[in-house]
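Chains, contacts and geometry: an overview
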Amino acid sequence: MGMTITEKILAAHAEMDNVRPGDFLQAQVDMALANDITAPLAIQVFDEIGREQLFDREKVALVPDHFVPNKDIPSAEQAKLMREFARKYDVKNYFEVGEMGIEHVILPEKGLVIPGDLVIGADSHTCTYGALGAFASGVGSTDLGVIMATGKIWLKVPPTIKVWFESELLPWVGGKDLILYLLGELGVEGANYRSIEFTGPVIQKLSMDSRFTMANMAVEGGAKNGIFEADEITKAYVTERSSRQPQYWKSDPDADYEREITIDVGQIQPQVAFPHSPDNVRPVSEATDIRPDQVFIGSCTNGRMEDLQQAAEVLKGRAVARGLRLIVIPGSPDIYKKAIREGIIETFLEAGATIGPPSCGPCLGGHLGILAEGEKCVSTSNRNFIGRMGHPESEVYLVNPVVAAASAVLGRIGLPDEM
Amino acid sequence: MNIEGKVWKFGDNIDTDVIIPARFLNVSDKGELVKNCFTDLRPDFSKGVSQGDIIVGGNNFGCGSSREHAPLAIKESGIAAIVAKSFARIFYRNAFNIGLPILECREAVDPVKENDQIYLDLSTGEIVNRGSGERFSAKPIPDFMMQIIQAGGLVEYVRTQSINSSKSEVS
């Protein structure tokens, strides 16, 4: 019996020839990641274990992106703890304000994750790097603290769900809609403990940024990881960013899949996930009476260059609806600079948007756009749980960047055609 | 290892944002986490919970973010164990890693009501509803996970492992 990409990467990192779903193994980690919320607890664990050094100072990344630039004294204390730890142990990939962006945007951008890697992060959206043909999965702080000390993690090999996307995309449909639609099919628990392999002719044509968006939300179906086979598009992305040698794995033709799903994308309209669950999706045409108080474009799901370009195209020469707040947050300083050079930031400002510093921003209800009681936000982020972006009585609607931009102009959820 | 306690009943898809909202994650202080545990969903929880109580939940308990503050807030609130139809993957790992026992049992959940007294035998997976006398069998905890529990959590497990490996190097 052959193996899937995920099985091959896990086997290679456990120095095994063959692994099957359900096997437990100890894997060597290529990159371990934590942020300003999860690092403080992981640092406690590292200290308890009592090692004098990190397992490898070049294979740890610490990114203060959640509440930084700090929103209050307690979050400043947490960031300080992380900063001092990074200094003490000489963490190579610590990103200070100014070079800091969203962890899952900057790690690929800086070439710190390449195809074939095994990446573990104390952040559930670590699965984003599956877009590069890497195995990437989120864990908690204790696991991460142990990895910082030992470089190893225990993992159970997950069964894989193969999702085949075919046919042609409709206008205004992107990676975000494909993953939202799939979540609607799978449900928020449909891929629990499993790997999702994204494949098919539609995927082969998809840009890296769209792939990141899809892999990013694999966890919203409960998945351990989401993964794409690395191809020419991946190679072009990675070659200009890293000098390390990538491992390009392919699933064997006789690999064993727990389930295979085929999706005809020609049936998929832009999607809207209604409160309070990412799998509560409807086509945009059924959401046109929703009138947001705020629109947020950004996050580790949709804060990349392509996302900003698409939103700016919609907003060019138009104005945000009166009384509505549009918040745009570029995912990294490099994206921010490129957006300035391309005139995109000016387009946003002219339309009446405000620009936040590269960070997670309001996505998780930390700061920079918290919702009041009864308010609605149309957002390009990944979760719309109760109270996710603020007051427990507020509502979040998840959409792609084009729908977000059009909704900001229309004052209600809609498409650019309706403006 | 046996646990007996009063039940706090929850529904499906209890996510980590309702267990401990991110606005309270600017600290890692356990007392603060306890104060805000389930605050949006069940504001009565933090004041009403007693040492040794048990949470019984539906499908996909602990879905959402990787924040270990979620199982930690629950554990530090005094909750001795969680029984659910199923757990989200990261929450499951985190709970074991910090030494919060959890049992997966589809059948036990619906018949159990808020404030019922239930008994859990972690080694056999037996669940008994003291009021009704009903008995259920939870999915056995994998051997590997039992080793982590027996060690007292992942940190202790790793410590023992490294002591063992350094011993074998010496011998």
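See above for the structure.
Residues numbered from 1 in each chain as written. Chains lettered and ligands numbered in written order. Predicted model: local features only at pLDDT ≥ 70, side-chain atom pairs only at ≥ 80, totals over all residues. Heavy atoms only, no water.

Residues and elements named next belong to chain A. Ordered in space as β4-β3-β2-β5-β6, the five strands form an open sheet in which the pairing is parallel. The open sheet has two edge strands, β4 (93–94) and β6 (135–138), and neither has a second partner. Pairing analysis gives four bridges linking strand β2 (residues 31–35) to strand β5 (residues 118–122), with the strands arranged parallel. Among the inter-strand pairings, Ala32 is bridged to a residue of β5, identified as Ile120. Strand contacts of helix α3 (residues 73–88): β2, β3 (60–63) and β4, with the helix running at about 150° to β3, the strand carrying the most contacts. (Pairing = 2+ DSSP bridges. Helix = DSSP H or I, 4+ residues; strand = E, 2+ residues; numbered from the N terminus. Contact = heavy atoms within 4.5 Å. Axes fitted to C-alpha atoms, helices over the stretch in contact; angles between N-to-C directions.)

Residues and elements named next belong to chain A. Going residue by residue along strand β14 (residues 294–297), you find Gln294 and Phe296 tucked away on one face and Val295 and Ile297 tucked away on the opposite face as well. Relative to strand β15 (residues 325–328), β14 runs parallel, the two sharing four bridges. Of the residues in β15, the one forming a bridge with Phe296 is Ile327. (Buried < 20%, exposed > 50% of the residue type's maximum accessible area, 1.4 Å probe, protein only.)

Moving on: helix α14 (residues 401–410) of chain A. Residue and element names in this part refer to chain A. For α14, the buried fraction is high: nine of the ten residues fall into the buried class. Among the residues of α14, Pro401, Val402, Val403, Ala404, Ala405, Ala406, Ser407, Ala408 and Val409 are the ones counted as buried. The inward-facing, buried residues of α14 abut β14, α10 (299–302), α11 (305–315), β15 and β17 (376–379). Between the side-chain oxygen of the N-cap and the backbone nitrogen of Val402 there are 2.8 Å, and the N-cap of α14 in question is Asn400. (Polar contact = N/O pair within 3.5 Å; in protein donor to acceptor, adjacent residues only side chain to side chain.)

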